[in-house]
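Descriptive structure summary
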Amino acid sequence: MNYRFTLLPLLIAVFVTISTVHGQENESLKYGSQYEGKRQDEAMQKFRENRLGQFIHWGLYAIPGGKWDGKIYPGAAEWLQSWADVPPEEWSKLINQWNPDEFDAQEWAHMAKEAGFKYMTVTTKHHEGFCLWPSEYTDFDVASAPNKTDIMGELIDAYTKVGIDVYFYYSILDWHHPDWRYDIKSEEDEQAFERYKTYVDNQLTELVERYPEVKGFWFDGTWDKSVKKNGKWTLEIQQMLKSLKPGMIVNSRLRADDHGSRHFDSNDKLMGDYESGYERRLPSFREDTIVTTRDWEAVMTVPENQWGYHQDWSVSHVKSTNEVLEWITHSVAMGGNMLVNIGPKPDGTIRQQEKTLMKEIEQWMDINGEAIYAGDYLGWEKQDWGYYIADQKTNEVYALVFNVPVTQKITVATPEGISIEEAHPLKDESESLKISEKGPNEVFIHLPQPMFEAPYVIKLKVSGKDGSKGTYRKAKT
Ligand SMILES: C[C@@H]1O/C(=N\OC(=O)Nc2ccccc2)[C@@H](O)[C@H](O)[C@@H]1O
């Protein structure tokens, strides 16, 4: 049998397949990722060192607070218009009740500063379309409400003054604007969405020009086909913002590529400046360590799923402060940032549960904040008792204990040639914790009695192969 002729078609098929697959990985995209790796400029480094931020969801939805026509809706309060199926013209009447007469931006900024938040991201316009600044391009804004306070102006001034970086959340999805479209299926859709794109471009330009201290944009509401079919526009928005303000930071959630692929382009390359796909969920140490190769940020609610103010938090589990601290620690231990959300009340005050949470975060961060700020992925074997964090700048190593072993001691397994010299609790660094040999490259660190109620942070003095500090960190991948 002449194999040459029999095998030839198979060989061709194999070759075409390999080249196609390989070719797909390197498909040249016009609107895909614009660069690879982590941005190393000062603005992005500051984002990376901030680590802990405050998310603020505020808008007309705070007024009904999850209740419509006498019925409580357990879903996210900022989506009430959707859950209760309220027609836009009826929902818009809420503007006549917008009167946050207790709003005090300095008080909010002070609370955030004390709590240890290094940056803040606030909703300029959520899906409902109401604008919390006086916009030249719509009358569905604070300038048309009984209380005309420029919320964005007050907040960015107050937070910037106390040294907290401010980012703007902006929803592309807009339930109020007549030209918003979920999909583009007709010439009429096309023309309307072109008008809508101009509206958004104008508003974004307006926001940067009115509030030049803004550090970046957190885009949302980009999952519909209308946006996925406009990948070019999403890149143009990114480029426009960076030309308006060099160093501007834009999240991956804005972006769609030539084929509608979101966050990551069709070559699996991250778009935007950091990955913003972790919403009320966290990457796994077992399956998702790829996140440690890029900048990323998780965002979290205190209840199971309430971003805007909901008057009845009994509708779901409400995280304890220790749970919130573990979400923050988990993110930083995997080289990411965390935004912890609050949903202010319609009168401009902050609900007691959120004030208590911020106070308890403050008390913990006052002692342990050095393990969080500029924290990064260490790369050592994840242990059940908690997390390791390495400081990006000092290379100090911290062990953050959340799950106390019944043995009253934690195991620290170090890479070959690395040893633990000393262990000091951050709550009293003059104290030295006992270290005992467990096996090759494994030691026990003995925990103090009585057991503690909050996450317990230990600073480890580590020596590397050549005895110098800092040689023990896993190579940055
Ligand atoms: C931070 C949150 O972001 C949102 N949505 O984020 C999503 O990623 N939504 C989503 C996730 C998966 C599929 C479709 C939409 C908003 O709808 C919500 O009100 C809040 O502002």
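Residues numbered from 1 in each chain as written. Predicted model: local features only at pLDDT ≥ 70, side-chain atom pairs only at ≥ 80, totals over all residues. Heavy atoms only, no water.

**Some details on the overall build of the chain**
- Each helix and strand counted, the chain has eleven helices and 18 strands in total.
- Relative to its length of 477 residues, the chain is compact, with a C-alpha radius of gyration of 25 Å against a globular reference of 23 Å.
- Its C-alpha atoms give the chain principal-axis dimensions of about 85 × 70 × 40 Å.
- Burial analysis of the chain (477 residues in total) assigns 56% to the buried set. (Helix = DSSP H or I, 4+ residues; strand = E, 2+ residues; numbered from the N terminus. Rg over C-alpha atoms; globule rule 2.2 N^0.38 Å. Buried < 20%, exposed > 50% of the residue type's maximum accessible area, 1.4 Å probe, protein only.)

**Digging into the sheet that holds strand β11 (residues 375-376)**
- Pairing is antiparallel in the open sheet, where five strands are placed in the order β11-β12-β13-β18-β15. Edge strands, defined here as strands with exactly one partner in the open sheet, are β11 and β15 (419-425).
- Note that strand β13 (residues 397-401) and strand β18 (residues 456-463) share five bridges and pair antiparallel. Across the sheet, the residue bridging to Ala399 is Ile458, located in β18.
- Most of the contacts of helix α10 (residues 321-333) go to strand β12 (residues 386-391), to which it runs at about 50 degrees, and overall it touches β11, β12 and β13.
- Its contacts with the sheet put helix α11 (residues 352-372) on β11, β12, β13 and β18, and the angle it makes with β13 is roughly 130 degrees. (Pairing = 2+ DSSP bridges. Contact = heavy atoms within 4.5 Å. Axes fitted to C-alpha atoms, helices over the stretch in contact; angles between N-to-C directions.)

**Quick word on the pattern of salt bridges**
- Going through the model one piece at a time under the given rule, you end up with 24 salt bridges.
- Across the salt bridge formed by Lys232 and Glu236, the nearest N and O atoms sit 2.7 Å from each other. Of this pair, Lys232 and Glu236 both sit in helix α9 (residues 231-244), four residues apart, roughly one helical turn.
- Looking at Lys232, the relative accessible area reads 42%, which means it is partly exposed. (Salt bridge = Lys/Arg side-chain N within 4 Å of Asp/Glu carboxyl O.)

**What about the pairing of β18?**
- Counting buried residues along β18, seven of its eight residues qualify, which places the element largely inside the surrounding structure.
- Relative to β18, β15 runs antiparallel, the two being bridged by six bridges. Pairing of Ile420 across the sheet is with Val462, part of β18.

**Details of the side chain of His446**
- Tracing the sequence through the fold places His446 in strand β17 (residues 442-446).
- Polar contacts involving the side chain of His446 include one to the side chain of Ser436, which spans 2.8 Å.
- Ignoring anything within four residues of it in the chain, the contact list for His446 reads Gln408, Lys409, Leu433, Lys434, Ile435 and Ser436. (Polar contact = N/O pair within 3.5 Å; in protein donor to acceptor, adjacent residues only side chain to side chain.)

**Considering the sheet that holds strand β16 (residues 435-439)**
- With respect to topology, three strands assemble into an open sheet ordered β14-β17-β16, the strand pairing being antiparallel. Two strands lie at the open edges of the sheet, namely β14 (409-413) and β16, each paired on one side alone. The mean angle between the axes of side-by-side strands here comes to 30 degrees, regardless of whether they run parallel or antiparallel.
- Relative to β17, β16 runs antiparallel, the two being bridged by four bridges. Bridge pairing in β17 places Ser436 opposite Phe444.

**Structural notes on the packing of aromatic side chains**
- Applying the stated criterion to the full structure yields 33 aromatic pairs.
- Note on Trp79 and Trp175: the rings are 5.1 Å apart at their centroids and 80 degrees apart in plane angle, and the pair reads as edge-to-face. One end of the pair, Trp79, is in the loop between β3 (71-72) and α3 (80-83); the other, Trp175, is in the loop between β5 (165-171) and α7 (187-210), and 96 residues separate them in sequence.
- Take Trp79: its relative accessible area is 22%, and that puts it in the partly exposed class.
- Owing to a relative accessible area of 13%, Trp175 belongs among the buried residues under this scheme.
- With a centroid separation of 6.2 Å and 70 degrees between ring planes, the pair formed by Tyr170 and Phe219 is classed as edge-to-face. Taken together, the positions of Tyr170 in strand β5 and Phe219 in strand β6 (residues 216-220) put the pair 49 residues apart, joining distant regions of the chain.
- The exposure class assigned to Tyr170 is buried, which follows from its relative accessible area of 0%.
- Cluster of aromatic residues (ring-pair linked, three or more members): Trp58, Trp98, Phe103, Trp108, Phe130 and Phe140. (Phe/Tyr/Trp six-rings, centres within 6.5 Å; stacked < 30°, edge-to-face > 60°.)

**Structural notes on the environment of Tyr159**
- In this structure, Tyr159 sits in helix α6 (residues 151-161).
- Separated by 221 residues in sequence, Tyr159 and Trp380 have C-alpha atoms that sit 37 Å apart.
- Polar contacts involving the side chain of Tyr159 include one to the main-chain carbonyl oxygen of Trp108, which spans 3.4 Å.

**Brief notes about α6**
- Buried within α6 are the following residues: Ile151, Met152, Gly153, Leu155, Ile156, Ala158 and Tyr159.
- The elements touched by buried residues of α6 are β1 (52-56), α5 (105-115), β4 (119-125) and β5.
- Two to three positions downstream of the cap, the backbone nitrogen of Met152 sits 3.3 Å from a side-chain oxygen, assigning the N-cap of α6 to Asp150.
- Immediately beyond the C-terminal end of α6, within one or two residues, lies Gly163, with a positive phi of roughly 85 degrees.

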